[in-house]
Amino acid sequence: MSRSANSQFSFADWELLRQRVVLEPSLAAIADFLDEHEEIIEAIRGNLRCGLKRPDTGRKGLTAQQVLRSLILMRVKNWDYRELRERIADGLTLRRFTDFNAQPVPKHDAFQRAFTRLTPQTLKLVNELLVQAAVAMGLEDGSKLRVDTTVVATDIHHPTDNTLLWDVVRVVTRLVGRLADTIERPIKGFRNRTRAARRRMLAIQRMTTTQRQTQQRGKYRELIGIAEEVVEGARRGLRHTRKVRAKDVPSQLALEELRREIEHYCGLGERVVDQARRRVLQGEQVAEKIYSIFEPHTDLIMRGKVRTPVEFGHKVFLAESAQGLITQYEVLTGNPSDENHVEPSLSRHEATFGSAPRLYGSDRGFFSEKNLAACERSGVAVVCIPQRGGKKTAEREAYEKSREFKKGQRFRAGIEGRISVLFRGRGMKRCLAEGRERFELFVGAAVFVNNLLMIASLLKRRSSDQRQAA
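Residues numbered from 1 in each chain as written. Predicted model: local features only at pLDDT ≥ 70, side-chain atom pairs only at ≥ 80, totals over all residues. Heavy atoms only, no water.

Peer 1: Any chance you could explain the overall build of the protein chain here in plain terms?
Peer 2: Counting its secondary structure elements, the protein chain contains 18 helices and 7 strands. With the C-alpha coordinates aligned to their principal axes, the bounding extent of the protein chain is approximately 85 × 75 × 35 Å. Contacts in the protein chain between residues at least 24 apart in sequence constitute 71% of all its contacts with a sequence separation of at least 6. For the protein chain, the exposed surface amounts to about 24400 Å²; the carbon and sulfur share of it is 48%. (Helix = DSSP H or I, 4+ residues; strand = E, 2+ residues; numbered from the N terminus. Contact = heavy atoms within 4.5 Å. Areas by Shrake-Rupley, 256 points an atom, 1.4 Å probe, with all protein chains shown as cover.)

Put into structure tokens, the structure is as follows:
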């Protein structure tokens, strides 16, 4: 990890500078902004040094500048780790932007390790620093606010009971096989049932509607029995081999990690077996369901969309200012109602800008009489939240037909375009990272890069206007 704040310049670095390498206008604006706001780099440096006993000694690693700028480049260009490393290594302008200059560029996994040391809290702090910098430079006054929610998908297959049971059988069997290879002896009492589980899983998938009425329960009963047998066999194997020790310390650490992994998936397997039995065999409605053993934090989101009635991932709340800055974001748990976010968003906006927005815009999902009253108490002049359900009064009908309300709703629609940009341009549509914390880090990185690009664009526009005025 990073041990130094700034890397030492070499003669090769000076030669690159002498050649006057010119960055893209957007990257140049981002580089200038980061150079002027050292507090952002310091926040990243604190994460990279966290947990190191002697961060100022040992092997040199990536600096905070290199980590942050490489992360920005990766999300701006929507590259993966391998392509990021290759592009930086091959390009003089990208070497200059990422602060590598003539230094060797590390392998792709070094970038991955550095990025995952960042925390969601740090990225949220960095986003707040960005917004505060925009306010201090007069780029944003917080007079308008538009809010919406969207769903960011987790990287899972469509969950059905039979495929979840199959996942349990194949993953636990594979891990037990690794345990047997590590201790160099077979696991007593454990049987490989993957072929039997696969046949029953495929049989269930290939059933017609008529066959499901008569044959589905029997096949599910067999598949559930196989999954139970595999989980019990794995637990029994852990008990029988708990006193076995590896030949050296690294092997022992790997063995203990493998045991924890088997125990983790056995616990998830028991939940999958229980919910499959209750849902399919007993016909119960299961409230707390698991939708993936690989991403167990995944939520089922139903938003009433015609094309996507059911989504799997996490609901994300976004609040955007008039200049395109995402001033607030939150990864939510479950599928809470949109109307719960109005009062908290107003409080956070007042904390950031010192006053409530003049205009507050949202779709009808945020409507409630309580929210309208909260906006009025906070001093919002134009509350552009369409009424949801019920018969509108004559006064309400006239207000929603007024020019000011319609103008506010046209402003509100702009956040749909911002969500589209985050999905298509910043890769936020589907999170490939594992775990809830890295999911939040993924969303925070997309928001951070969006805000940084918007600030760079606003600064370029201001510079252009000043030149024209002169």
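Next, the rest of the story.
Peer 1: How should the environment of Leu34 be read in this particular structure?
Peer 2: Relative to the helices and strands, Leu34 resides in helix α2 (residues 25-36). Sequence spacing of Leu34 and Thr298 is 264 residues, and the spatial spacing of their C-alpha atoms is 35 Å. If we ignore the near neighbours within four places in the chain, the residues touching Leu34 are Ile40, Ile41, Leu68, Arg69, Ile72 and Leu452.

Peer 1: Would you mind showing me how to read helix α10 (residues 194-205) here?
Peer 2: An α-helical turn contains 3.6 residues, so a residue and the one three or four places further along point in the same direction. Taking 1.5 Å as the rise per residue, α10 with 12 residues should run 16 Å; its terminal C-alpha atoms sit 16 Å apart, in good agreement. Taken as a whole, α10 has its buried residues at Thr194, Ala196, Ala197, Arg200, Met201 and Ile204. For α10, the angular spread of the buried residues around the axis is 165 degrees, confining them to a single face. Turned more than 90 degrees away from the buried face of α10, the exposed residues are Arg195 and Arg199. On the buried face of α10, the contacting elements are α9 (161-183) and α11 (209-240). (Expected span 1.5 Å × (residues − 1). Buried < 20%, exposed > 50% of the residue type's maximum accessible area, 1.4 Å probe, protein only. Arc of directions from axis to C-beta.)

Peer 1: Where do I start with the side chain of Asn451 in this structure?
Peer 2: Positionally, Asn451 belongs in helix α18 (residues 436-469). For Asn451, a relative accessible area of 0% corresponds to the buried category. Leaving out residues up to four positions away in the same chain, Asn451 has contacts with Asn127, Leu130, Gly324, Leu325 and Ile326.

Peer 1: Please explain the packing of α9 against α11 as it appears in this structure.
Peer 2: Helices that pack against each other are described as a pair by the angle of their axes relative to one another and the distance between those axes. With their axes 10 Å apart at the nearest point, α9 and α11 run at an angle of 25 degrees to one another. Classified by the angle their axes make, α9 and α11 are roughly parallel. Once α9 is placed against α11, the crossing between them reads as left-handed. Contacts from Asp161, Asn162, Leu165, Val168, Val169, Val172, Thr173, Val176 and Leu179 of α9 reach α11 at Tyr220, Leu223, Ile224, Ile226, Ala227, Val230, Val231, Ala234 and Leu238. Residue classes in the contact of α9 with α11 are distributed as 15 nonpolar, 2 polar and 1 charged. (Axes fitted to C-alpha atoms, helices over the stretch in contact; angles between N-to-C directions. Parallel < 35°, antiparallel > 145°, perpendicular 65-115°, else oblique. Left-handed = near helix turned anticlockwise from the far one by under 90°. Nonpolar A, V, L, I, M, F, W, Y, C, P; charged D, E, K, R; others polar.)

Peer 1: How should the packing of aromatic side chains be read in this particular structure?
Peer 2: Each aromatic ring pair is specified by the distance between its two centres and by the angle formed by the two planes. Per the counting criterion, the structure on display carries 6 aromatic pairs. Look at Tyr291 and Phe312: their rings are 5.5 Å apart centre to centre, the planes differ by 55 degrees, and that puts the pair in the tilted class. You can see Tyr291 sitting in the loop between α12 (249-281) and β2 (299-301) and its partner Phe312 sitting in strand β3 (residues 311-321), a full 21 residues away along the chain. Residues Tyr291 and Phe312 agree in their burial class; the two are buried. By way of ring pairs, the aromatic residues Tyr81, Phe100, Phe111 and Phe115 are connected into one cluster. Stacked on the ring of Phe97, the Lys or Arg Arg69 has its end atom at 5.7 Å from the ring centre. (Phe/Tyr/Trp six-rings, centres within 6.5 Å; stacked < 30°, edge-to-face > 60°. Lys NZ or Arg CZ within 6 Å of the ring centre and 35° of its normal.)

Peer 1: When you look at a positive patch on the surface in this model, what are you seeing that I'm missing?
Peer 2: A surface patch of like charges, here positive, comprises Arg358, Arg403, Lys406, Lys407 and Arg410. Arg403 sits in the exposed class, given a relative accessible area of 75%. (Patch = residues over 30% accessible without salt bridge, like charges linked within 9 Å, V, L, I, M, F, W, Y side chains within 5 Å. Salt bridge = Lys/Arg side-chain N within 4 Å of Asp/Glu carboxyl O. Lys, Arg positive; Asp, Glu negative; His and termini not counted. Charge placed at Lys NZ, Arg CZ, Asp CG, Glu CD.)

Peer 1: Hey, could you run me through unusual backbone geometry in this one?
Peer 2: If you check the backbone angles, Asn78 has positive phi at about 60 degrees while not being a glycine. Looking at the element boundaries, Asn78 is found in the loop between α4 (64-77) and α5 (81-90). Backbone geometry places Asp99, a non-glycine residue, at a positive phi of 70 degrees. With respect to the secondary-structure elements, Asp99 resides in the loop between α6 (92-97) and α7 (108-116). For Asp99, a relative accessible area of 17% translates into the label buried.

Peer 1: Would you mind going over the pairing of β3 with me for this structure?
Peer 2: Here is the key point about a regular strand: its side chains alternate between the two faces of the sheet. The element β3 is extensively covered by neighbouring structure, given that 11 of its 11 residues are classed as buried. Bridge count for strand β1 (residues 144-154) against β3 is 9 bridges, and the pairing is antiparallel. Within the sheet, the bridge partner assigned to Val152 lies in β3 and is His314. Sheet analysis places β2 next to β3, joined by 3 bridges and oriented antiparallel. Within the sheet, the bridge partner assigned to Leu300 lies in β3 and is Phe312. In terms of strand pairing, β3 meets strand β4 (residues 326-331) through 5 bridges, oriented antiparallel. In the strand pairing of β4, Val316 is matched with Val331. (Pairing = 2+ DSSP bridges.)

Peer 1: What exactly am I supposed to notice about the side chain of Thr163 here?
Peer 2: Secondary-structure assignment places Thr163 in helix α9. On the accessibility criterion, Thr163 (10% relative accessible area) is buried. Side chain to side chain, Thr163 and Thr160 meet in a polar contact 2.7 Å long. Apart from residues lying up to four places away in sequence, Thr163 is in contact with His157, His158, Met201 and Gln205. (Polar contact = N/O pair within 3.5 Å; in protein donor to acceptor, adjacent residues only side chain to side chain.)

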